[in-house]
Amino acid sequence: FHFTDDIQLASHIGKVSESLIEGSPKKHVLRSRLSHELTTLKTITEPMQSTTSLFPELYNSAKLAGDVENAITCRSHYCLARFWVGVSDLFLLIQELLQCIKEA
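Q: Tell me about the state of the cysteines, and please be specific about residues and values.
A: Scanning the model with the defined rule gives 0 disulfides in all. Here cysteine 74 is not disulfide-linked; the sulfur of cysteine 100 is the nearest cysteine sulfur, at 10 Å. Its relative accessible area of 3% is what places cysteine 74 among the buried residues. Distance from the sulfur of cysteine 100, which forms no disulfide, to the nearest cysteine sulfur (cysteine 79) is 5.8 Å. Note on cysteine 100: relative accessible area 3%, which makes it buried.

Q: Let's hear about the nonpolar core: which residues, and what values?
A: Ile21, Leu38, Leu54, Leu58, Tyr59, Ala62, Ala71 and Cys74 together form the largest nonpolar core, which totals 8 residues. Of all the elements in the fold, those that place two or more residues in this core are α5 (54-65) and α6 (68-85). The element best represented in this core is α5, accounting for 4 residues. Leaving out residues up to four positions away in the same chain, leucine 38 has contacts with Gly14, Glu18, Ile21, Leu54 and Leu58.

Q: Any chance you could break down α6 for me, citing the residues and the numbers?
A: Taking 1.5 Å of rise per residue, 18 residues should cover 26 Å, and α6 covers 26 Å from first to last C-alpha, within 8% of that figure. For α6, every residue scored as buried is listed here: Asn70, Ala71, Ile72, Cys74, Arg75, Ser76, Cys79, Ala81 and Arg82. Where α6 is buried, its residues touch α2 (27-33), α3 (35-45), α4 (48-51), α5 and α7 (90-103).

Q: Give a detailed account of the environment of leucine 93, specifying residues and quantitative values.
A: Topologically, leucine 93 is positioned in helix α7. When the C-alpha atoms of leucine 93 and leucine 80 are compared, they prove to be 8.9 Å apart, with 13 residues separating the residues in sequence.

Q: So what's going on with the pattern of salt bridges? Which residues, and what values?
A: Summed over the entire model, instances satisfying the criterion amount to 6 salt bridges. Across the pair arginine 31 and glutamate 22 runs a salt bridge, and its minimum N-O distance is 3.9 Å. A relative accessible area of 43% places glutamate 22 in the partly exposed class. Where glutamate 96 meets arginine 82, a salt bridge forms, and the shortest distance between an N and an O atom there is 2.4 Å. Of this pair, glutamate 96 sits in helix α7 while arginine 82 sits in helix α6; the two residues are 14 residues apart in sequence, bridging distant segments of the chain. A relative accessible area of 23% means that glutamate 96 is categorised as partly exposed. Taking relative accessible area as the criterion, arginine 82 reaches 13% and is therefore assigned buried.

Q: Run through empty space enclosed by the protein, naming residues and quoting values.
A: Under the counting rule described, the total for this entry stands at 1 cavity of 30 Å³ or more. Here the largest cavity is characterised by a volume of approximately 50 Å³. Lining the largest cavity we find Ser11, Gly14, Lys15, Glu18, Leu38, Leu41, Lys42, Thr45 and Glu46. At the level of elements, α1 (7-22) and α3 are the ones that each hand at least two residues to the lining of the largest cavity. Residues that form the lining of the largest cavity fall into these classes: 2 nonpolar, 3 polar and 4 charged.

Definitions and cut-offs
Residues numbered from 1 in each chain as written. Predicted model: local features only at pLDDT ≥ 70, side-chain atom pairs only at ≥ 80, totals over all residues. Heavy atoms only, no water. Disulfide = S-S within 2.5 Å. Buried < 20%, exposed > 50% of the residue type's maximum accessible area, 1.4 Å probe, protein only. Core = buried A, V, L, I, M, F, W, Y, C linked by side-chain atoms within 4.5 Å. Helix = DSSP H or I, 4+ residues; strand = E, 2+ residues; numbered from the N terminus. Contact = heavy atoms within 4.5 Å. Expected span 1.5 Å × (residues − 1). Salt bridge = Lys/Arg side-chain N within 4 Å of Asp/Glu carboxyl O. 1 Å grid on protein atoms, 1.4 Å probe; cavity = no way out; pocket = protein on both sides within 12 Å on 5 of 7 lines; lining within 4 Å. Points joined across faces, edges and corners; volume = space filled by probe spheres on them. Nonpolar A, V, L, I, M, F, W, Y, C, P; charged D, E, K, R; others polar.

Right under this line is the structure:
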């Protein structure tokens, strides 16, 4: 995904990748390994609000795959994305971020 300057092409490649991952028996492992690329593409091509729903799914896939590092990364990025879009309950968000730090 880093090899092209064409954002639209990268977006299409990302969507095809997501479709292929969904049909794979190793879905959780692939989603865990490609979580950074998938979320980066969505962040570049779609509004930030649409990306926040992706992080919990990627977090769960990483946990199921046993990939603790990517699970924590997804969880922390979820908190940061929610802060970026202006979540209404900042106290709850801070508590979630502190829980994520304790888990790490």
